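Summary of the model geometry
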Amino acid sequence: MTKPEILAPAGNLEKLKIAVIYGADAVYLGGERYSLRAAAGNFSLGEMAEGIRFAHQHGRKVYVTVNILAHNRDLGGLPGYLRELAALKADGVIISDPGLVALARATVPELPIHLSTQANTTNWASARFWQEQGVKRIVLARELSFQEIMEIREKTQVELEAFVHGAMCMAYSGRCLLSSYLTGRSANRGACTHPCRWRYHLVEETRPGQYMPIEEDERGTYILSPRDLCMISHVPALVRAGLDSWKIEGRMKSIHYLATVVKTYREALDLFWENPDSYSFREDWLLELQKVSDRGFTTGFYFGPPHGDRETPAGRVPLPVQFVGLVLEHPYPDLALVEQRNRFAVGDTLEVLSPQGAPFTFRLEKLYDESGAPLDAAPHAQQKVYLEVPERITPYSILRRRVEGD
């Protein structure tokens, strides 16, 4: 059995570096064309080259999404783009369109093809078909149970990848028509407006203009939006399923989300792999994941069709912490240079999340601007400030402020 890869999203160059530093074995990213996350930061070819170099220097891999459902007008530039990706030494391309699979095989046969979840592979016969077409890895449909995944594993030799954490789409493995219908922006071409997250009311046909709210909480209702997938409590089952790659959703999520989720799954997998017989789930892993934005957690379809709590949507869960800063360097024994991401002030209790080790907290006593002048607070976006800290803090560490009672 091969140790599964932890695969993290990289919405931009900063997120790529965070994912690598916090323990991802590989990242997936999109270029400025042909990607299903048009609203993400995405990568120019120059940024992609830098990101691939950074990942390879750390012994990690980079997969590039070319996963739109292509129209004729998209095909002209694709061969050249694929050749550019191969020249940059990308480790694979993620494709959903069968025509693009054939085009990629003919144009860049040396570039491994990963079949996107948007191809909706739900059975071993389909997996075998794609294996015969030269696909190296299949990103399985999100609607599969452990039992179905294990049967596909037994009957194929192709690599298998599945989502283990992040947002779930109401549509079948992400093939949504709602955004296109309501806004003219197609989710299948990278421009999803997430209308399943909007608030909705009922209207009875003989009472036009009378809108009846569907009660859920003070923030409204989310009748289409499912809970977020979270499989941290089921690491042994994920390993036994024979998956080659555990995928984390979230190219549009923050670096705080990315660092927290990647580090948590890294710790859990490494601990299990080190000694499966003595492995036990740690409650602090779940508590850590609850410090980043979520809609309540579900195990999706892994244990069968969702029912009960797993199908009941939840509004956004209030967060116990706020991401306030990114540590850039530690140039002096008792001072760290930090880039502000949300306001914080002297007297705040800050929590430090680092790539290695357990989080720790300290009370901020002294704060200075870049010239050394004392400050009471850091209110300006991306302001660089010096913090007095009780111990050395690793660059790329995340600073969080507790928000209970705010």
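How each quantity is defined
Each chain carries its own residue numbering, running from 1 in the direction its sequence is written. The predicted nature of this model means local features are confined to residues of pLDDT at least 70 and side-chain atom pairs, given and counted, to a pLDDT of 80 or more, with totals for whole chains, interfaces and linings taken over all residues. Excluding hydrogens and water, the side-chain figures rest on all heavy atoms present in the structure. To qualify as a helix, a DSSP run of H or I must reach at least 4 residues; to qualify as a strand, a run of E must reach at least 2; elements of each kind are numbered from the N terminus. Burial classes: relative accessible area under 20% of the type maximum marks a residue as buried, over 50% as exposed, and values in between as partly exposed (1.4 Å probe, protein chains only). Here, two residues are considered to be in contact whenever any of their heavy atoms come within 4.5 Å of each other. Methods summary: accessible areas were calculated by the Shrake-Rupley approach with a probe of 1.4 Å, and residue burial reflects only the protein chains presented. Salt bridge, as applied in this entry: a Lys or Arg side-chain nitrogen positioned within 4 Å of an Asp or Glu carboxyl oxygen. Aromatic rings from Phe, Tyr and Trp, with only the six-membered ring used for Trp, were paired whenever their centres fell within 6.5 Å, and each pair was classed as stacked if the ring planes differed by under 30 degrees, edge-to-face if by over 60, and tilted otherwise. We call a charge positioned over a ring when the NZ of a Lys or the CZ of an Arg lies within 6 Å of the ring centre and within 35 degrees of the ring normal. Should DSSP find at least two bridges between two strands, the strands are regarded as paired. Working convention: axes come from line fits to C-alpha atoms, limited for helices to the stretch in contact. Angles between N-to-C directions cover 0 to 180 degrees. For every residue, the predictor states its confidence as a pLDDT score lying anywhere from 0 to 100. Here the angle decides the label: under 35 degrees means roughly parallel, over 145 means roughly antiparallel, 65 to 115 means roughly perpendicular, and every other value means oblique. With the far helix as reference, a near helix turned anticlockwise by less than a right angle produces a left-handed crossing, and one turned clockwise produces a right-handed crossing. Any N or O atom pair separated by 3.5 Å or less is treated as a polar contact, with the protein-specific requirement of one donor-capable and one acceptor-capable atom, and with residues adjacent in sequence counted only for side-chain atom pairs. Orient the strands so they point away from the viewer, and a crossover whose first-strand-to-second-strand path over the helix runs clockwise is right-handed.

**Digging into the overall build of the chain**
- Looking only at helices and strands, the chain has eleven helices and 21 strands in total.
- Residue burial in the chain is summarised as follows: out of 406 residues, 52% are buried.
- Partitioning the intrachain contacts of the chain with sequence separation of at least 6 by distance along the chain shows that 67% fall at a separation of at least 24.
- Roughly 18400 Å² of accessible area belongs to the chain as shown, and the carbon and sulfur atoms make up 50% of that amount.

**Here we look at the pattern of salt bridges**
- Applying the stated criterion across every chain, the model contains 22 salt bridges.
- In this structure, lysine 253 and glutamate 249 form a salt bridge, with 3.3 Å as the shortest nitrogen-oxygen distance.
- Overall, lysine 253 belongs to the partly exposed group, its relative accessible area being 22%.
- The buried category is assigned to glutamate 249, whose relative accessible area is 12%.
- A salt bridge links arginine 266 to aspartate 270, with the nearest nitrogen and oxygen atoms 3.0 Å apart. One end of the pair, arginine 266, and the other, aspartate 270, are both in helix α10 (residues 255-274), four residues apart, so they sit about a helical turn from each other.

**Side note on the environment of threonine 394**
- Here threonine 394 shows up in the loop between β20 (384-388) and β21 (398-402).
- Since its relative accessible area comes to 39%, threonine 394 is described here as partly exposed.
- In this structure the C-alpha to C-alpha distance between threonine 394 and valine 352, which are 42 residues apart in sequence, comes to 9.7 Å.
- Threonine 394 has contacts with Val327 and Pro355, leaving out every residue within four places of it along the chain.

**Observations regarding the packing of aromatic side chains**
- A full pass over the atoms with the stated rule returns eight aromatic pairs.
- Relative to tyrosine 386, the ring of tyrosine 332 lies with its centre 6.0 Å away and its plane at 55 degrees, an arrangement referred to as tilted. Of this pair, tyrosine 332 sits in strand β13 (residues 321-332) while tyrosine 386 sits in strand β20; the two residues are 54 residues apart in sequence, bridging distant segments of the chain.
- Note on tyrosine 386: relative accessible area 16%, which makes it buried.
- Among the aromatic residues, those joined into a cluster by ring pairs are Phe272, Tyr279, Phe281 and Trp285.
- Over the face of the ring belonging to phenylalanine 54 we find lysine 17, whose NZ or CZ atom lies 5.5 Å from the ring centre.
- When the ring centre of phenylalanine 163 is taken as origin, the NZ or CZ atom of arginine 142, which lies over that ring, is 3.8 Å away.

**So, the sheet that holds β21**
- Ordered by their spatial adjacency, seven strands build an open sheet running β17-β16-β21-β13-β14-β20-β18, and the pairing between neighbours is antiparallel. If you trace the sheet from one side to the other, it starts and ends with β17 (360-363) and β18 (367-368), each paired once.
- Alignment of strand β16 (residues 349-353) against β21, held across four bridges, turns out to be antiparallel. Paired with glutamate 351 across the two strands is arginine 400, which belongs to β21.
- Here α10 sits on the sheet in contact with β13, β16 and β21, set at roughly 100 degrees to β21.

**Digging into the confidence of the model for the chain**
- With 85% of its residues at a pLDDT of 70 or more, the chain shows a mean pLDDT of 88.
- Low pLDDT (under 50) marks residues 218-222, which in the prediction has 15 contacts with non-local residues, meaning those over four places away or in another chain.
- Scored below 50 in pLDDT, residues 308-314 shows 17 contacts in the model against residues more than four places distant or in partner chains.

**Remarks on the packing of helix α4 (residues 78-87) against helix α5 (residues 98-107)**
- At their nearest, the axes of α4 and α5 sit 10 Å apart, and the two run at 55 degrees to each other. One finds that α4 runs oblique with respect to α5. Handedness of the α4/α5 crossing: right-handed. Contact with α4, carried on its side by Leu78, Pro79, Leu82 and Arg83, involves Leu100, Leu103, Ala104 and Thr107 of α5 and no other residues of that element.

**A closer look at unusual backbone geometry**
- You will see that lysine 89, though not glycine, has its phi angle at about 70 degrees, which is positive.
- Along the chain, lysine 89 falls in the loop between α4 and β4 (92-95).
- Positive phi, normally seen in glycine, also occurs at glutamine 382, with a value near 60 degrees.
- Checked against the element boundaries, glutamine 382 lands in the loop between β19 (377-378) and β20.

**A word on the side chain of lysine 263**
- With respect to the helices and strands, lysine 263 occurs in helix α10.
- A polar side-chain atom of lysine 263 sits 2.3 Å from the main-chain carbonyl oxygen of glycine 357.
- Ignoring any residue separated from it by four or fewer positions in sequence, one finds lysine 263 in contact with Tyr22, Leu353, Ser354, Pro355, Gln356 and Gly357.

**A few points about the pairing of strand β2 (residues 26-30)**
- The element β2 is extensively covered by neighbouring structure, given that five of its five residues are classed as buried.
- Residues of β2 alternate between two faces, with Ala26, Tyr28 and Gly30 on one and Val27 and Leu29 on the opposite face, all of them buried.
- Relative to β2, strand β1 (residues 5-9) runs parallel, the two being bridged by three bridges. By the bridge assignment, proline 9 is partnered in β2 with tyrosine 28.
- In terms of handedness, the path from β1 via helix α1 (residues 13-21) over to β2 forms a crossover that is right-handed.
- Two strands pair when backbone bridges link them, and β2 and strand β3 (residues 61-65) are joined in this way by five bridges, in the parallel orientation.

**Re the packing of α1 against α10**
- Closest axis-to-axis distance for the α1/α10 pair is 9 Å, and the angle between their directions is 20 degrees. Of the possible angle classes, the one that applies to α1 and α10 is roughly parallel. The chirality of how α1 crosses α10 is right-handed. For the pair α1 and α10, contact is made by Glu14, Lys15, Ile18 and Ala19 and by Ile255, Leu258, Ala259 and Val262, respectively.

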